[in-house]
Number of protein chains: 2
Amino acid sequence: MASDLSPARRRSRRKAARPGEIVEAALRLFAERGYAATKLEDVAAAAGIGKGTIYLYFATKEELFRAVVRQAVLPNLQAAVELAADPDRPAADILRVLAERFLVMLQSDLTAIPKLIVAEAGNFPALAQFYADEVASKGMALIRGILARGIARGEFRPIDLDGALPLFSAPFLMLALWKHSLGRHTDIQIDPRAVVAAHLDILLRGLAAKATP
Amino acid sequence: MASDLSPARRRSRRKAARPGEIVEAALRLFAERGYAATKLEDVAAAAGIGKGTIYLYFATKEELFRAVVRQAVLPNLQAAVELAADPDRPAADILRVLAERFLVMLQSDLTAIPKLIVAEAGNFPALAQFYADEVASKGMALIRGILARGIARGEFRPIDLDGALPLFSAPFLMLALWKHSLGRHTDIQIDPRAVVAAHLDILLRGLAAKATP
DNA sequence: TACTACTGACCGACCAGCCGGTAAGTAGAA
DNA sequence: TTCTACTTACCGGCTGGTCGGTCAGTAGTA
């Protein structure tokens, strides 16, 4: 990464690039160790800079945390909203594409964000609220819209929308958490592709209006 | 709780009861704040004793954590295993009873354990491994058995078992995490009963062999 | 008096945040 | 091109506060 400490390049000025590098390094370490157990000194080392430099760009550790969450979350959410807006696609199709995109995201550290939020919600109420409003709330509205459209068009049978809302995302959450916690410490193998395939298979069949061969 | 500090009753406590009281208080605080952010001094206060007393029963904070997890997890797991062992019940029935039991557990703080494990797996590999082997592994074996039996009997259609394994528990995990993190910091209401009902409805229909009216 | 469950002041390691100092880079003059 | 004067990104040793863990002492019991 950006950690080439060779004296030559060390002091090069990169004011514009620094914040992004720091956030990236912080995400990596937060994902691995959690917020409390991550030392800013280590974040600095991982970013290839000195500890003091972090404070040129972020006032406190907490603010760095907020930046990490914001940077990781907002672009992806935006993309998902746009996808779902397409009024011509069948609902089942949209769900499949969303699932596909998740599998790609699962390669990166982005999916550690839910783990961090879950762990630290109690200690950072403001951050929790931000996430609840910006991500959870919008995400649920998104799914609700897709399901409602599917029902309206006769793709899906009528169901209790409120109850069904969390069901689409639950397996994705589980896969994300697994990857960044237990999955690292056991031999049990979970194949995300298989899980997602089974999920779509069972969910779409469970939702389907009467006739599905 | 156990925090009656009236000098009269204070010393009359018996050695046998202490560990359980401490573990109970610790679970409450860990659930609320997470492991790192919980001070042993506060645990002691919540248990109505002095800080030093904790060290009469637990060598370190980490060992107390392990005790909390063990005490919260093992009895419930045992009960679930016994339930699933009943060879006469239809598979769908067993899943319904498990779901029902989860809703009861959700009233207590026990469901904060997954949150703690997810958050701290990276920092306590041994604990993560314990949980992976004792809970995740056994839990998955349990579900696998139930699904396999359902398929063998023609209740369920044949599906990819490995992929479908995590799907049953995913919504429960989500409900547990929601209750102990985001749910505390937002107005969004999620009704666990409705989610579980929708889950069983959709899952069982998605799994069902051909004929389901 | 002897015993023991318990206490809480204290210690030391740890780390977020600070700040005086360093040197990379720049611009203007010659 | 080269020198000098200046700016500022960057560094890392230090401090103050926090908290896990200790232990000499207290109070209840027999």
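Residues numbered from 1 in each chain as written. Chains lettered and ligands numbered in written order. Predicted model: local features only at pLDDT ≥ 70, side-chain atom pairs only at ≥ 80, totals over all residues. Heavy atoms only, no water.

Student: Looking at this structure, how should I read the interface of chain B and chain A?
Tutor: A common way to state how big an interface is: give the accessible area lost once the parts meet. Each side of the interface is counted separately: chain B has 52 residues, and chain A has 52 residues. Carbon and sulfur atoms make up 77% of the surface buried where chain B meets chain A, a total of about 4,100 Å² over both sides. When the buried surface of chain B facing chain A is broken down by residue, Met174, His185 and Ile202 of chain B rank first, second and third, together holding 16% of it. In this assembly, chain B and chain A are joined by two salt bridges. The salt bridge involving aspartate 201 of chain B is made with arginine 157 of chain A; its shortest N-O contact spans 3.3 Å. One can count six residue pairs in polar contact (both at pLDDT 80 or more) joining chain B with chain A. Of all the secondary-structure elements, those providing two or more residues to the side of chain B that touches chain A are α2 (18-33), α7 (112-120), α8 (125-152), α9 (161-180) and α10 (192-207) of chain B. Ranked by the residues each element gives to the side of chain B that touches chain A, the list is headed by α9 of chain B, at eleven residues. Its residues placed into classes, the side of chain B that touches chain A shows 32 nonpolar, eleven polar and nine charged. (Contact = heavy atoms within 4.5 Å. Buried area = accessible area lost by both parts, 1.4 Å probe. Salt bridge = Lys/Arg side-chain N within 4 Å of Asp/Glu carboxyl O. Polar contact = N/O pair within 3.5 Å; in protein donor to acceptor, adjacent residues only side chain to side chain. Helix = DSSP H or I, 4+ residues; strand = E, 2+ residues; numbered from the N terminus. Nonpolar A, V, L, I, M, F, W, Y, C, P; charged D, E, K, R; others polar.)

Student: Even after reading the chapter, I still don't get the packing of aromatic side chains, so can you show me in this structure?
Tutor: Two descriptors summarise a pair of aromatic rings, namely the distance from one centre to the other and the angle between the planes of the rings. Taken as a whole, this structure holds 14 aromatic pairs over all chains when the rule is applied. With 5.5 Å between their ring centres and 45 degrees between their planes, phenylalanine 30 of chain A and tyrosine 35 of chain A make a pair best called tilted. Like phenylalanine 30 of chain A, the residue tyrosine 35 of chain A is buried in the burial classification. Here phenylalanine 168 of chain B and phenylalanine 172 of chain B contribute two aromatic rings whose centre-to-centre distance is 5.2 Å and whose plane-to-plane angle is 65 degrees, an arrangement assigned as edge-to-face. (Phe/Tyr/Trp six-rings, centres within 6.5 Å; stacked < 30°, edge-to-face > 60°. Buried < 20%, exposed > 50% of the residue type's maximum accessible area, 1.4 Å probe, protein only.)

Student: When you look at empty space enclosed by the protein in this model, what are you seeing that I'm missing?
Tutor: Empty space among the atoms can be located by rolling a probe the size of a water molecule over them. Counted according to the given criterion, the structure contains four cavities of 30 Å³ or more. Roughly 130 Å³ of volume is contained in the largest cavity. If you trace the largest cavity, you find it lined by Leu167, Pro171, His199, Ile202 and Leu203 of chain A together with Leu167, Pro171, His199, Ile202 and Leu203 of chain B. Sorting the residues of the lining of the largest cavity by element identifies α9 (161-180) and α10 (192-207) of chain A together with α9 and α10 of chain B as the ones contributing at least two each. A breakdown of the residues in the lining of the largest cavity according to their chemical character gives eight nonpolar, two polar and no charged. (1 Å grid on protein atoms, 1.4 Å probe; cavity = no way out; pocket = protein on both sides within 12 Å on 5 of 7 lines; lining within 4 Å. Points joined across faces, edges and corners; volume = space filled by probe spheres on them.)

Student: Please explain the relation of the copies chain B and chain A as it appears in this structure.
Tutor: Put simply, the two copies of the chain differ by a rotation about an axis and a shift along that axis. Aligned on chain A, chain B shows an RMSD of 0.1 Å; the corresponding rotation is 180 degrees and the shift along the axis is 0.0 Å. This pairing of chains is accounted for by a two-fold axis. Nearest to the rotation axis, the C-alpha of glycine 206 of chain B is located 2.0 Å from it, this being the minimum over chain B. By residue overlap, the copies meet face to face through one surface: 100% of the interface positions of chain B are interface positions in chain A. (Least-squares fit on C-alpha atoms with pLDDT ≥ 70 in both.)

Student: Explain the pattern of salt bridges to me, please; I cannot follow it from the model alone.
Tutor: Any two side chains of opposite charge can pair, on the condition that their charged atoms come close. Residue and element names in this part refer to chain A. The tally for this structure, following the rule as stated, stands at 18 salt bridges over all chains. With a closest N to O distance of 3.1 Å, arginine 66 and glutamate 62 form a salt bridge. Placement of the pair is arginine 66 and glutamate 62 together in helix α5 (residues 61-85), with a separation of four residues, close to one helical turn. It is possible to trace a salt-bridge network through shared partners that takes in Arg89, Asp93 and Arg96.

Student: For this particular structure, what's the right way to read the packing of helix α5 (residues 61-85) of chain B against α7 of chain B?
Tutor: When two helices pack together, their arrangement is given by the angle between the helix axes and the distance between those axes. Residues and elements named next belong to chain B. One can describe the packing of α5 onto α7 by two numbers: an axis separation of 11 Å at closest approach and a directional angle of 140 degrees. If you check the angle between α5 and α7, you find them oblique. By crossing handedness, the relation of α5 to α7 is classed as left-handed. For the pair formed by α5 and α7, the contact residues are Phe65, Val68, Val69, Ala72 and Val73 on the first element and Ile113, Leu116, Ile117 and Glu120 on the second. A class-by-class count of the residues in the contact of α5 with α7 yields eight nonpolar, no polar and one charged. (Axes fitted to C-alpha atoms, helices over the stretch in contact; angles between N-to-C directions. Parallel < 35°, antiparallel > 145°, perpendicular 65-115°, else oblique. Left-handed = near helix turned anticlockwise from the far one by under 90°.)

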